[in-house]
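Residue-level structural notes
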Amino acid sequence: MALEDIKVPDIGEYSDVDVIEVLVNVGDEVAEEDSLLTLETDKATMEVPSPSAGKIAEVLVKEGDKISEGSLIFKMEVGASADTSSDSAPEEPAKEEAAPAAEPEAASPGGVEDLIIPDIGEYSDVDVIEVSVKEGDEVQEEDPLITLETDKATMEVPSPVVGKIVALSVKEGDKVSQGTVIGQIQMAGSSAAPAAKAAPATKKEAPRKASPAPAPAAAESAAPESAGSANDYASPSVRRFARELGVELGKVPGGSGRKGRIMQEDVQKFVKSVMQGGGATSTGGGAGLGLIPDPVVDFAKFGEVESVPLTRIQKISGDNLHRNWVKVPHITFFEDADITECEKFRQAKKPHAEKLGVKVTPVAFILKAVAQALVEFPKMNSSLAADGQNLVMKKYINIGVAVDTPAGLMVPVIRDCANKGIYELAQDLMAMSLKARDGKLTAKDMQGGCFTISSLGNIGTQYFAPIVNMPEVGILGVSKSTTKPIWNGSEFVPRLMLPLSLSVDHRVIDGAYAGKFVVAVAKYLSDLKELVL
Ligand code: CAO
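Here goes a summary of the coordinates provided. Bear in mind that the values here come from a model prediction, so they are computed numbers and not experimental data.

Rules used throughout
- Residues numbered from 1 in each chain as written.
- Predicted model: local features only at pLDDT ≥ 70, side-chain atom pairs only at ≥ 80, totals over all residues.
- Heavy atoms only, no water.
- Core = buried A, V, L, I, M, F, W, Y, C linked by side-chain atoms within 4.5 Å.
- Buried < 20%, exposed > 50% of the residue type's maximum accessible area, 1.4 Å probe, protein only.
- Helix = DSSP H or I, 4+ residues; strand = E, 2+ residues; numbered from the N terminus.
- Contact = heavy atoms within 4.5 Å.
- 1 Å grid on protein atoms, 1.4 Å probe; cavity = no way out; pocket = protein on both sides within 12 Å on 5 of 7 lines; lining within 4 Å.
- Points joined across faces, edges and corners; volume = space filled by probe spheres on them.
- Nonpolar A, V, L, I, M, F, W, Y, C, P; charged D, E, K, R; others polar.
- Pairing = 2+ DSSP bridges.
- Expected span 1.5 Å × (residues − 1).
- Arc of directions from axis to C-beta.
- Phe/Tyr/Trp six-rings, centres within 6.5 Å; stacked < 30°, edge-to-face > 60°.
- Axes fitted to C-alpha atoms, helices over the stretch in contact; angles between N-to-C directions.
- Parallel < 35°, antiparallel > 145°, perpendicular 65-115°, else oblique.
- Left-handed = near helix turned anticlockwise from the far one by under 90°.
- Near = heavy atom within 4 Å.
- Polar contact = N/O pair within 3.5 Å; in protein donor to acceptor, adjacent residues only side chain to side chain.
- Areas by Shrake-Rupley, 256 points an atom, 1.4 Å probe, with all protein chains shown as cover.
- Salt bridge = Lys/Arg side-chain N within 4 Å of Asp/Glu carboxyl O.

Attention now goes to the nonpolar core. If you look at the biggest cluster of nonpolar residues, it comprises 54 residues, and the most contacted ones within it are Val370, Met380, Leu476 and Phe517. Of all the elements, helix H6 (residues 362-376) adds the most residues to this core, at ten residues. Residues contacting Val370, with those up to four places away along its chain left out, are Ile399, Phe451, Ile453, Leu476, Phe517 and Val521. Core analysis: the next-biggest nonpolar cluster, separate from the first, contains 43 residues, Val61, Phe74, Leu115 and Val139 among them.

Right, let's talk about empty space enclosed by the protein for a bit. Tallying each qualifying case throughout the model produces two cavities of 30 Å³ or more. Here the second largest cavity is characterised by a volume of approximately 40 Å³. Surrounding the second largest cavity, Ile339, Cys342, Glu343, Pro362, Phe365, Ile366, Leu498 and Leu525 form its lining. Those elements that place two or more of their residues in the lining of the second largest cavity are helix H5 (340-356) and H6. It is H6 that contributes the most residues to the lining of the second largest cavity, three residues altogether. Split into classes, the residues belonging to the lining of the second largest cavity amount to seven nonpolar, no polar and one charged.

Across the five residues of strand E25 (residues 474-478), five count as buried, placing the element largely inside the fold. Residues Gly474, Leu476 and Val478 of E25 are buried on one face, and the alternating residues Ile475 and Gly477, pointing to the opposite face, are buried as well. Strand direction decides the pairing type here: strand E24 (residues 451-455) and E25, joined by four bridges, are parallel. Counterpart to Ile453 in the pairing with E25 is Leu476. Examined bridge by bridge, E25 and strand E27 (residues 492-505) share five bridges and lie antiparallel to one another. Residue pairing across strands places Val478 opposite Leu500, the latter belonging to E27.

Turning next to helix H7 (residues 422-437). For H7, built from 16 residues, the straight-helix expectation of 22 Å at 1.5 Å per residue is met to within 8% by its first-to-last C-alpha distance of 22 Å. For H7, the full list of buried residues reads Leu425, Ala426, Leu429, Met432, Ser433 and Ala436. The buried residues of H7 all sit within an arc of 135° when viewed along its axis, so they share a single face. For H7, the secondary structure elements touched by its buried residues are H6, strand E20 (399-401), strand E21 (403-405), strand E22 (408-410) and strand E23 (413-414). Once H7 ends, the next one or two residues include Gly439, with phi positive near 70°.

Our next topic: the sheet that holds strand E13 (residues 153-158). Taken in spatial order, the eight strands of this open sheet run E7-E2-E4-E5-E13-E12-E10-E15, and their pairing is antiparallel. Strands with a single pairing partner mark the edges of an open sheet, and in this sheet they are strand E7 (66-67) and strand E15 (175-176). Of the strand pairs in this sheet, strand E10 (residues 126-131) and E15 are connected by two bridges, and their pairing is antiparallel. Following the sheet pairing, Asp127 is matched in E15 by Lys175.

Summarising the element assignment, Arg346 is placed in helix H5. Among the residues examined, Arg346 registers a relative accessible area of 10% and is labelled buried. When sequence neighbours within four positions are dropped, the list of residues in contact with Arg346 reads Val360, Thr361, Pro362 and Phe365.

What follows is about the packing of aromatic side chains. A full pass over the atoms with the stated rule returns six aromatic pairs. Look at Phe334 and Tyr463: their rings are 5.7 Å apart centre to centre, the planes differ by 75°, and that puts the pair in the edge-to-face class. Here the residue Phe334 occupies a position in strand E17 (residues 330-338), and Tyr463 occupies one in the loop between E24 and E25, the gap between them amounting to 129 residues. Phe334 gets classed as partly exposed once you look at its relative accessible area, which sits at 48%. Classification of Tyr463 by relative accessible area gives partly exposed; the value is 33%. Ring centres 5.4 Å apart and planes at 90° place the aromatic pair Phe377 and Tyr513 in the edge-to-face group.

The next thing to look at is the packing of helix H2 (residues 236-245) against helix H3 (residues 264-275). Orientation of H2 relative to H3, taken along the N-to-C sense of each, is 20°, at an axis distance of 9 Å. Taken together, H2 and H3 sit at an angle that is classed as roughly parallel. For the pair H2 and H3, the sense of crossing is right-handed. Mapping the contact onto sequence places Val238, Phe241, Ala242 and Leu245 in H2 and Gln264, Val267, Gln268 and Val271 in H3.

Right, let's talk about the sheet that holds strand E14 (residues 163-168) for a bit. Ordered by their spatial adjacency, four strands build an open sheet running E9-E16-E14-E11, and the pairing between neighbours is antiparallel. Because the sheet does not close on itself, it has two edges, and the strands there are strand E9 (112-116) and strand E11 (138-139). The pairing of E11 with E14 spans two bridges and is classified as antiparallel. Across the sheet, residue Glu138 finds its bridge partner in E14, namely Lys164.

Taken together, 24 residues lie near the ligand, and Thr361, Arg437, Ser454, Ser455 and Asn458 sit nearest. Gly457 places a polar main-chain atom, nitrogen or oxygen, 3.5 Å from a nitrogen atom of the ligand. Here Ser479 contributes a backbone N or O atom positioned 2.9 Å from a nitrogen atom of the ligand. The fraction of the free accessible surface of the ligand (970 Å²) that becomes covered by protein chains is 75%. Only H5, H6, E21, H7 and E24 provide two or more residues apiece to the shell around the ligand. Residue contributions to the shell around the ligand peak at three residues, all from H7. When its residues are assigned to classes, the shell around the ligand shows ten nonpolar, eight polar and six charged.

Applying the stated rule across the entire model yields 16 salt bridges. A salt bridge links Lys420 to Asp428; the shortest N-O distance between them is 2.6 Å. Looking at Lys420, the relative accessible area reads 15%, which means it is buried. For Lys529, the salt bridge goes to Asp527, with nearest N and O atoms at 3.3 Å. Here Lys529 falls in the exposed class, since its relative accessible area comes to 61%.

Now the structure itself:
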C-alpha cells in the first residue's frame with residue numbers, strides 16, 4: 001500500500017478556482033474516475049475525478065478554498081503497484097494545444113464573424129443544453145451564448161465580442177465540438193449585411209475563456225448532476241445569479257429546464273414565493289413556511305433510474321394543488337348514497353340514450369344531484385372574496401369535472417348544470433372528457449367553475465379525501481359503487497351503495513352545513529323523484 005498525492009489537474013487557464021463541494025471523506029474507497037471535488041468558476045462547473053482507485057487517507061481541501069492546477073488536494077492509499085510519484089496528479093490527456101478551430105486572426109472591425117466553439121478540453125459531441133440568445137440579440141463581450149454539458153462539467157460559451165447575433169445555427173439538444181460554427185455575430189459599429197460572412201474573424205481571447213478543460217470524463221452517464229447534488233443542477237450563470245441573491249440552489253424546487261435544470265426563472269420564482277411568505281412550489285419547497293428543505297436523494301446509487309420530465313399540465317396542476325393543500329383548511333366528510341333505483345333507471349334508459357348517441361354514466365346523475373344540492377345550499381356555491389372579508393355568492397351553477405388524461409389531471413367545466421337534464425349533462429360530460437383527452441380544451445373550457453366533482457368510480461377505490469380547487473369551497477370525490485347488505489329495519493337487503501367524499505374549505509363552510517350538503521346529494525341520488533320537486 002502506498003500513499004499517493006492527488007493534485008488538481010489541468011483546469012484550463014483558470015486559477016484560484018472556488019471549491020464548492022468536497023465529495024469524499026477520509027476512509028472513503030474510491031474507484032478511478034469517481035468525482036472527488038466540484039469546482040466552479042463564473043463560466044464553468046466541473047468535477048475533479050480520482051486518477052486511480054484507492055482509499056482517501058487525507059483531505060487537504062475544504063469548501064470555500066481556492067485552488068489552481070497543481071494544488072495538493074488529497075492523499076490516497078493506492079495498491080502496492082501504484083505509482084507513488086508525488087506528481088501523479090490526474091493523468092491529464094496530453095494537452096493538445098488548443099488547436100484553434102480557425103486561425104486566430106485579427107478581428108475585422110465592424111464585420112461579421114463566425115461564432116465558433118472554442119477549446120473545450122478533450123470533449124467532442126458535447127450536448128447543448130441551453131441556448132441563451134436568439135437572432136437579433138445584442139450581446140456584450142463575455143455574455144453567455146450557449147451552455148454545454150458533459151457528464152463531468154457544465155460550461156458556458158461566451159460571446160467573444162460586443163455585437164449583434166445575425167445568425168444562429170444551434171439549438172438545444174444539438175451536439176457540438178471544438179470548431180463547430182454555431183452562428184454569426186455582427187460586431188458593434190458594423191453595418192454589414194448579416195449574410196455577408198466575414199473572412200475568418202477573431203476567435204482570439206474569448207474562446208479560450210470558455211474552456212474549462214476539465215479532467216477526463218468517466219464512462220457515459222446521463223446523470224444530470226454535473227455538479228453537486230441532484231437538486232442544484234444549474235448553469236454557471238444561474239449559480240452566480242442565485243449566489244448574488246443569497247439563494248441556496250438546493251432549496252429551489254423543481255427546475256423547469258431540460259432534465260430538471262434550474263433556470264433563472266426558477267430562482268426568481270423561488271425568491272418571489274419566499275418574499276410573499278408562501279411555501280414555494282411544485283416539489284414542495286415550503287421555504288416561507290420555515291420548513292426544512294426537501295430531501296435530495298441520489299436514487300441512482302440504489303439501482304437503475306430514469307428521469308422523465310413532468311408535463312406542463314403536471315407542473316401547473318402540481319403548483320395549484322400544493323397551494324390549495326397548504327392554504328385551505330380542509331375537512332372531509334364521507335357518506336354512502338343508495339343508488340340501487342338510480343342504477344335501475346339508468347340501465348332502463350341505456351337503449352334510448354344510445355339511440356340519441358349519448359353514454360349515460362352515473363356521473364351525469366351525480367352532476368344533477370350536486371347541482372340541485374348547490375341550489376339548496378348556496379354557500380357551497382360561493383367563494384371567499386380576495387379581501388377575505390366577503391363571500392361571493394354565485395347565482396349560476398357551473399360544475400368542474402376532474403378528467404384523467406395522459407398529460408395529467410384537467411378540470412373542464414360543465415355550465416348551467418341546474419337547468420340541464422340528464423341526457424344533456426351526459427352529452428356535455430362526454431364532449432368535455434373527449435376534448436380533455438385529445439388535449440383540445442381551451443382556457444375558457446376550464447374557467448368559471450363553482451364546485452368540482454372528482455369521480456374515480458370507473459376505476460375503483462373506496463373513499464378518498466379530495467383537495468379543494470381554490471377559490472371554490474367544495475369538492476365531491478366519488479368512488480366505485482358496490483352492493484352492500486343494508487339493514488332496512490327488519491332485515492338486511494342488498495343495495496348498491498355509492499361512496500361519496502366531500503372536502504370543504506372550513507373557513508367558509510361549517511361542518512354541519514357540509515354534512516347536510518352531502519346528505520342532500522345522497523338523498524337526491526337515492527330517490528330521483530326528489531330531484532324534480
Ligand atoms: N361506480 C361504479 N361504476 C362506475 C362509477 C361508479 N361510481 N362511475 C362510473 N362507472 C362506470 C360506468 O358505469 C361506466 O361503465 P359502463 O360503460 O359499464 O356503464 C364506466 O364506469 C364509465 O367510465 P367513463 O370514464 O367512461 O365515464 P364516467 O362518466 O364514469 O367518468 C370521468 C368520466 C371524466 C370522470 C372519468 O373518465 C375520469 O377521468 N375520472 C378520473 C378522475 C380523476 O382522476 N380524479 C382525480 C382524483 S384525485 O386527484
